[in-house]
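Inside the fold
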Amino acid sequence: MTCKERILSNDYVDVLFDFVFPKEYNIESQADYCYHSLNGNLGIFFIERSAVVGESNAIRSYYSFLPKCYGLMELGTENKLKAAQDDNLNTLALTESGILSVQRGPLNLTGKNVTIGFIDTGVRYQDPVFLDIGGKSRIVSIWDQTIQTGTPPEGFEYGTEYTNEMLNEALANDNPLSVVPSTDANGHGSVMASVAAGSLLEGGRFIGAAPDSRIAVVKLKEAKPYLRELYKIPPGVPCYSESDILMAIQYLQKYVQILSRPLVICLGIGTSMGDHTGSGILGTFMQYLGRQKSRIFVVAGGNEGNSSHHFFGEISEREPYQDIELRVGENERGFIMDLWGNAPYYYNATIRSPGGEYVRWNSPRDATRREFTFIYERTHLIIENLLVEQASGSEFIRFRFIDPTEGIWTIRINSEGNTIGGSFDVWLPITQFLSSNTYFLESSPKTTITEPAYVHSAVSVANYQMINNSIATSSGRGYARDNYVVPDVAAPGVDVSTPFGERSGSSVSAAITAGACAQLLEWAVVNSNDVLVNSTNIKNYLIRGARRESYLEYPNREWGYGRLDVQGVFDSLAGLGQGT
């Protein structure tokens, strides 16, 4: 079997590694596999599932190395807040963000010689918003991971790469999709690319934040069925594997030319899986690349602020336990719930079903998997734990509910051992990864930003309403679980006009901010004002220029350091303002 076949086959599991096996360990004799190197010690094994998954304890042993699932950070139409009717809300968003004045003023920053990379659902490359004034494609390449009939990018084993020349050949054809069959049925990726980098359309009815930038696109393939089942992802909901995202980031690196052509990578995807500090393989990879010159990550902060999917608890000698009340909705087929706690504390759980049955789980030291079946209810509960999770060092407990009974579940958490106390966080999956309206009755909106927006070298973006300059109720809140400040800034994200209709959510805010970062990179790198710039530098430019209100303290959990204002960045450099 070829490596390509292993990567695509559901019979092979993706395992993420951040170390190199010693030479004396002959892995070839251990399992049927192939390996893709990301960078240094980071890589991905594609291993026969029977060697990793099954009735054994391997899933728990490999938790830190199994890819997480990521969803789209866009709000559905049914959840959108209604803004004022305005045919030019896109221009308003750019004006509010200080982008339009920097485009049109003496600075004339439009993203020239900057590449913006999108890792998403693809792109509708034929749309005029992605063409230059001569009708040629502004897209330098598309790596479509879902099409296996063409040639993959050099150094990769699957998917098909379409170059700018191939795209222009397709555009010259009466049926472009017969030449380049890649498209974007979902539309999310096209929205992201248009908002960040779209061309000026006829009549001035639309323009992106960086309309002269180069565009590179990775269309992610859907996660394998075994991963969807592992995380209980509802049918039909877009779900993307961490391993494909890692390779997409690696692919986009070829467009970085230090000191001449910088790169912005925009991620409008996220997950509530993980320890909410930016650790893990994806966080490690992004942190390493973001510290290098001429590349910036911009990440959506998520839409979980008002979802009631986060619970924060504290235990003390006076209050030796905390009760978590969990409302499970109708027809919920199953979900996971993750608890994270810090050393030196150990945690136990007693679970009470809506029908009154109790089961008790005592925190074992050997990470033994425990399964519980309720006598009078159909629910099957699996509890797995890691006393020291590999990436974060924290205690990790996963509750896996299968066919849970509708109603109120109570999970009592207490600590054991010589030291009683500590705090812990519990997260449910992001909203679209749940089959029904399932939530905590006493939730905390804090620390509801989604991964990977906690990565220190990424620009983390919240979203707000332009009509009244208030934070969107859905916008993810900071800080990180270790109190690192996120988000960095907030950008418009409610009913923003795009060529594909009005869109809302933190992914739209991230796209606007990605275009703003392309403007800053044009000024800094292309125009040689700060050629050694990296993500940390760009974040500090944005923070200095952010618009702040006198009645708020900064940073804060909703706004970070304030509202995005690119004009404010240059005003601060010129000594004309302080971003207030």
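Structure: see above.
What this report covers is the structure whose coordinates are included nearby. (Residues numbered from 1 in each chain as written. Predicted model: local features only at pLDDT ≥ 70, side-chain atom pairs only at ≥ 80, totals over all residues. Heavy atoms only, no water.)

Let's shift gears to the overall build of the protein chain. Looking only at helices and strands, one finds 13 helices and 26 strands in the protein chain. Computed over its C-alpha atoms, the radius of gyration of the protein chain comes to 24 Å, within 12% of the 25 Å expected for a compact globule of 580 residues. Seen through its principal axes, the protein chain has C-alpha atoms that stretch 70 × 60 × 45 Å. Burial analysis of the protein chain (580 residues in total) assigns 61% to the buried set. Of the contacts made within the protein chain by residues no fewer than 6 positions apart, 76% connect residues no fewer than 24 positions apart. Roughly 21700 Å² of accessible area belongs to the protein chain as shown, and the carbon and sulfur atoms make up 47% of that amount. (Helix = DSSP H or I, 4+ residues; strand = E, 2+ residues; numbered from the N terminus. Rg over C-alpha atoms; globule rule 2.2 N^0.38 Å. Buried < 20%, exposed > 50% of the residue type's maximum accessible area, 1.4 Å probe, protein only. Contact = heavy atoms within 4.5 Å. Areas by Shrake-Rupley, 256 points an atom, 1.4 Å probe, with all protein chains shown as cover.)

What follows is about the state of the cysteines. Covalent bonding between the sulfur atoms of two cysteines defines a disulfide. This structure, assessed with the given rule, holds one disulfide. Between Cys3 and Cys34 runs a disulfide, and the two sulfur atoms are separated by 2.3 Å. The chirality of the disulfide connecting Cys3 with Cys34 is right-handed, given an S-S dihedral of about 70°. Within this pair, whereas Cys3 is found in helix α1 (residues 3-8), its partner Cys34 is found in strand β2 (residues 33-39), the two being separated by 31 residues in sequence. You'll find Cys3 and Cys34 in the same group, each marked buried. Cys266 takes part in no disulfide bond, and the closest cysteine sulfur to it belongs to Cys517, at a distance of 9.2 Å. (Disulfide = S-S within 2.5 Å.)

Taken in spatial order, the three strands line up as β9-β4-β11 in an open sheet, and their pairing is antiparallel. The sheet is open, and its two borders are formed by β9 (240-241) and β11 (269-270), each paired with just one other strand. By the bridge criterion, two bridges tie strand β4 (residues 69-72) to β11 in an arrangement that is antiparallel. Counterpart to Leu72 in the pairing with β11 is Ile269. (Pairing = 2+ DSSP bridges.)

This part covers the packing of helix α11 (residues 506-526) against helix α13 (residues 566-573). Viewed as axis vectors pointing N to C, α11 and α13 meet at an angle of 35°, and their least axial separation amounts to 10 Å. Each of Ala516, Gln519, Leu520 and Trp523 in α11 lies in contact with α13, whose residues at this interface are Val566, Val569, Phe570 and Leu573. Across the contact of α11 with α13, the residue classes tally to seven nonpolar, one polar and no charged. (Axes fitted to C-alpha atoms, helices over the stretch in contact; angles between N-to-C directions. Nonpolar A, V, L, I, M, F, W, Y, C, P; charged D, E, K, R; others polar.)

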